[in-house]
Amino acid sequence: MRFTILLLVLVAAVGSARAQNESKLGADFRGEGERFQKSCENFSMSSIPGCAELLFTDHPLHIAVGSIAPEDGFGAGAAFVAHYTPNESWRLSWDTDAVGSINGSWRAGVYMKAIYTGSKQVSTGRGRPVHPESPNPANLKRPYFNLYAQAISLNKIDYFGLGPDTTRAGRSFFGMREIIPGVSAIVPVPQSKWLNLSLFGEANGRFVDIRGSHGQPSPSIEQLYTGVTAPGLTRQPAFIQFGEGIRFQPAYGDHVQLNYFVTLQEYVAPGDSQFSFRRFTADLSHEFPIYKTTRSPLPRDHNGPDDCSVSADDNTCPAVSRNREGSIALRLLISESIAPVGHVVPFYFDPTLGGGDLNGNSSLASYQDYRFRAPNIMLLRETFEHSIYGPLGFSFGIDEGKVALARDAIDFTHLTHSYSAGLTLRAGGFPQVFLLFAWGGHEGTHTIGSMDTSLLGGSARPSLY
């Protein structure tokens, strides 16, 4: 509460200041202060939605909220967003944020994005012509360059062991800190036409520190596991991680939107090559909007994680929609790790299925968070979502998946199943919220409540594995 009051006072104070020769940032602060005075100072029931939208999505300063990671609580803090256009060819933006939760976990980061806007193209496909200002992120045909540094500290993460045959009796807990400085780029291929093809590249440093987590319902990880049963537990070398990929985002009319993303990553540990490995990932998503008014759930490449701008040329966030919306989605995710003979994949870089993962993604939701962990995973997900009233919606999903210690065990046999149903909230630029009840697995039921780590329409943060 004290933080919120301080933020409001700061915005109002900056907004009331008038300078004869103010800077672009000063003008942004002044504009936010004026919007605050208009929307929040005279309290009424009708002013609550507009005031909340300003406090949680406006720029350059707003309240930052979101789930940090499963079991590490709801985080709250502050975010700073700034835009700068040095010339007609480039648009720059900065995001800076820091949030903390009541269990002592926290995340802080600085994210810069450079967008080449010199060639404003109009992409075409099979169906209606689409323009760059369209809310569909797949229609933007500009190069995006990212520079970022993020640090996160999590105090409670489950570890059940490796592979598909682990049991709940093997549950332990650990804490982790990870620092990720890096650069990435997404460059469209204009000649790809209706395929909407882009090339992806990244180079990251990864500095991980694993610690025990005591005082939890189960033992700390070092009490049950060793460096053999949890590779990387006793030492965590620094990593240089490279990645190359290709992305297809074609849209066929108003009712078929595809998002195929295939990457190959190299994790290199110069100080301890035993932990070096490669990872191949194919993430194939299929979205079938039921209505023309249905908005795409994809992040917008031109935004940072704290920015919900509708386009690279318009910094305003989308308004809360009352249109009827609905979609059916199918997703296939395959991730396989390739380690030379004598090498092992550190357990903290293994993806997980069950509940939520480190990045906040839900899968096999009826199981506990981080339930199944292995170097190789496969997930099939089918979801149906439809609006109920305004931004409130209903969701139903079916998950099928498996994890494996060996790559050749990844196939479509003996899949684990889970079902989920619940409510979703997609309001303007607010982070997406969902409350799900899941069942259908062999280990009971699970209720999941989460708020996305980015604003709705904001880009994803660097993956933690």
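What you see is a predicted model; the values in this text were computed from it and never measured. (Residues numbered from 1 in each chain as written. Predicted model: local features only at pLDDT ≥ 70, side-chain atom pairs only at ≥ 80, totals over all residues. Heavy atoms only, no water.)

Side note on the pairing of strand S17 (residues 416-425)
Stated formally: What makes two strands pair is DSSP finding at least two bridges between them. Secondary structure elements follow DSSP: runs of H or I of four or more residues count as helices, runs of E of two or more count as strands, with numbering from the N terminus.
Relative to S17, strand S16 (residues 392-404) is paired through 10 bridges, and the arrangement is antiparallel. Residue Phe394 lies in a different strand from S17, and its bridge partner there is Leu423. Bridge count for S17 against strand S18 (residues 433-439) is 7 bridges, and the pairing is antiparallel. Across the sheet, the residue bridging to Leu425 is Val433, located in S18.

Some points on the nonpolar core
To keep it simple, the criterion reads: To define a nonpolar core, start from buried Ala, Val, Leu, Ile, Met, Phe, Trp, Tyr and Cys residues and group those joined through side-chain atoms within 4.5 Å. A 1.4 Å probe rolled over the protein chains alone gives each residue an accessible area, and that area as a share of the maximum for its type sets the label: buried under 20%, exposed over 50%, partly exposed in between. Pairs of residues are marked as contacts when any of their non-hydrogen atoms sit within 4.5 Å.
Counting 33 residues, the largest nonpolar core has Leu154, Met176 and Phe347 as its most contacted members. Of all elements in the fold, only strand S5 (144-159), strand S6 (172-188) and strand S7 (197-212) reach the threshold of two or more residues within this core. Ignoring anything within four residues of it in the chain, the contact list for Phe347 reads Tyr159, Leu162, Phe174, Ile210, Ile221, Ala230, Pro231, Gly232, Leu233 and Arg373. Within the second largest apolar cluster, 9 residues are counted, among which are Leu353, Phe372, Ala374 and Val403.

What to know about the packing of aromatic side chains
Convention followed: Working definition: rings of Phe, Tyr and Trp (its six-membered ring) pair if their centres are within 6.5 Å, and the pair is stacked with planes under 30 degrees apart, edge-to-face with planes over 60 apart, and tilted otherwise. Two conditions define a charge located above a ring, namely a distance within 6 Å from the ring centre to NZ of Lys or CZ of Arg, and an angle within 35 degrees of the ring normal.
Tallied over the entire structure, the rule returns 18 aromatic pairs. With centroids separated by 6.2 Å and ring planes inclined at 45°, the aromatic side chains of Phe56 and Phe430 adopt a geometry described as tilted. Of this pair, Phe56 sits in helix H3 (residues 48-57) while Phe430 sits in the loop between S17 and S18, and the two are 374 residues apart along the sequence. Residue class for Phe56 comes out partly exposed when judged on its relative accessible area of 23%. Phe430 gets classed as buried once you look at its relative accessible area, which sits at 18%. The ring centre of Phe160 lies 4.8 Å from the NZ or CZ of Arg371, which sits over that ring.

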